[in-house]
Amino acid sequence: YNGKIVATGDIGCYALNINPPFSVTHTQIDMGGSITAGHGFERVERFAQRGLKVFSFIGDSTFFHSGMTGAAEIVYNKGRMIPCVLDNRITGMTGHQDNPGTGYTLLGDEAPMLSVEKIFTAMGFAPVLTVDPQDLTAMKETVDRAVAALERGEHPAIVTRRPCLLIKRDRFQKGMCHVEPDKCRSCRSCLKVGCPAVSMEEGKAVIDRTQCVGCTVCAQVCPFGAIVKEEV
């Protein structure tokens, strides 16, 4: 959207997107502050006059902790913003504690799993769009749908869902990506995804196999098909 967004962030591993190469988030205040700050921004008339779209980014754990109250205020006050819950099925930043959306208690006992989508729907958000954030094409289409709904006067919400690969009780079968040097054109597009496994050596992209989790995001942005995934 040509930079015409206000992105309010929260406390979590996704807070790192305030740094290059992403440089996305404009605010980080406190737990739950992404939604309330975003709602405050979009109430300012000059933001609407400039055509700015407001997105708030909050993790699933923080949403259950202190984000739901702010979300309720968006619909109640006829707000025009898009809350985005980044659901990695765990409390990632502070030690992998369980939360009401994981299906387990802090002691590891099975528990009811609260649905972020159903909570949004109960509050009056519609459409509520769920997407795998590592599918870049689907992610872009979801953002486009949410913005179109916002412009129609609706109350869209986005839930991006991809479990954290460090969740110990899950056994992920992950392939790893590698670069085919003959196809690499040194365009550095893969560096823009901000993955610590990707770097440049002697003018060619390389992938550190000890850090790669096989998400394929780097392969999706490579315009020359130089990055391929090794299937398990």
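Residues numbered from 1 in each chain as written. Predicted model: local features only at pLDDT ≥ 70, side-chain atom pairs only at ≥ 80, totals over all residues. Heavy atoms only, no water.

Attention now moves to the overall build of the protein. Helix and strand counts for the protein stand at six helices and 10 strands. In terms of C-alpha radius of gyration, the protein reaches 19 Å, essentially the compact-globule figure of 17 Å for 232 residues. C-alpha atoms of the protein, sized along the principal axes, occupy 55 × 50 × 25 Å. Counting over 232 residues, the protein shows a buried share of 40%. Entry remark: accessible area of the protein is about 12700 Å², with carbon and sulfur atoms responsible for 55%. Charge centroids of the protein, computed over 25 positive and 25 negative side chains, lie 5 Å from each other. (Helix = DSSP H or I, 4+ residues; strand = E, 2+ residues; numbered from the N terminus. Rg over C-alpha atoms; globule rule 2.2 N^0.38 Å. Buried < 20%, exposed > 50% of the residue type's maximum accessible area, 1.4 Å probe, protein only. Areas by Shrake-Rupley, 256 points an atom, 1.4 Å probe, with all protein chains shown as cover. Lys, Arg positive; Asp, Glu negative; His and termini not counted. Charge placed at Lys NZ, Arg CZ, Asp CG, Glu CD.)

Along the chain, the position of Leu191 falls in the loop between β7 (176–179) and β8 (198–201). The spatial distance from the C-alpha of Leu191 to the C-alpha of Cys222 is 9.8 Å, given a sequence separation of 31 residues. Those residues in contact with Leu191 that lie beyond four places of it in its chain are Pro21, Val198, Ser199 and Met200. (Contact = heavy atoms within 4.5 Å.)

This part is about the nonpolar core. Proteins that are soluble and globular tend to have nonpolar side chains buried together. The biggest cluster of nonpolar side chains holds 20 residues, and the ones touching the most others in it are Phe63, Val116, Phe120 and Phe125. Secondary-structure elements contributing two or more residues to this core are β3 (53–59), α3 (60–76), α4 (116–123) and β6 (157–161). Beyond its immediate stretch of four places on either side in the chain, Val116 contacts Phe63, Phe64, Val85, Asp87 and Val159. Ranked by size, the runner-up nonpolar core spans 13 residues in total, among them Val179, Ile207, Cys218 and Ile227. (Core = buried A, V, L, I, M, F, W, Y, C linked by side-chain atoms within 4.5 Å.)

A large share of helix α1 (residues 33–42) lies buried, amounting to seven of its 10 residues. All of the buried residues in α1 are Gly33, Ser34, Ile35, Ala37, Gly38, His39 and Glu42. Where α1 is buried, its residues contact β1 (5–9), β2 (27–28), β3 and α3.

What follows deals with α3. The largest bend along α3 measures about 75° and falls at Gly67. The inward-facing, buried residues of α3 abut α1, β3, β4 (82–87) and α4. Lys78 occupies a position one or two residues after α3 and carries a positive phi of about 55°. (Bend = angle between axes of the 7 residues up to and from the residue.)

This brings us to the packing of aromatic side chains. Per the stated rule, a full pass over the model turns up four aromatic pairs. Between Phe63 and Phe120, the ring centres sit 5.2 Å apart and the planes meet at 45°, which makes this aromatic pair tilted. Taken together, the positions of Phe63 in helix α3 and Phe120 in helix α4 put the pair 57 residues apart, joining distant regions of the chain. You can call Phe120 buried: its relative accessible area is 0%. (Phe/Tyr/Trp six-rings, centres within 6.5 Å; stacked < 30°, edge-to-face > 60°.)

Take Asp87: it is sitting in strand β4. Using a relative accessible area of 2% as the deciding quantity, one classes Asp87 as buried. Non-local contacts of Asp87, meaning those with residues more than four positions away in its chain, are made with Asp60, Val116, Val159, Thr160, Arg161 and Arg162.

At a closest axis distance of 10 Å, the pairing of α3 and α4 adopts a crossing angle of 30°. Looking at the two axes, α3 sits roughly parallel to α4. Read as a crossing pair, α3 and α4 show a hand that is right-handed. Residues Phe63, Phe64, Met68, Ala71, Ala72 and Val75 of α3 touch α4, and the partners they reach there are Val116, Ile119, Phe120 and Met123. Among the residues making up the contact of α3 with α4, the classes are represented as 10 nonpolar, no polar and no charged. (Axes fitted to C-alpha atoms, helices over the stretch in contact; angles between N-to-C directions. Parallel < 35°, antiparallel > 145°, perpendicular 65-115°, else oblique. Left-handed = near helix turned anticlockwise from the far one by under 90°. Nonpolar A, V, L, I, M, F, W, Y, C, P; charged D, E, K, R; others polar.)

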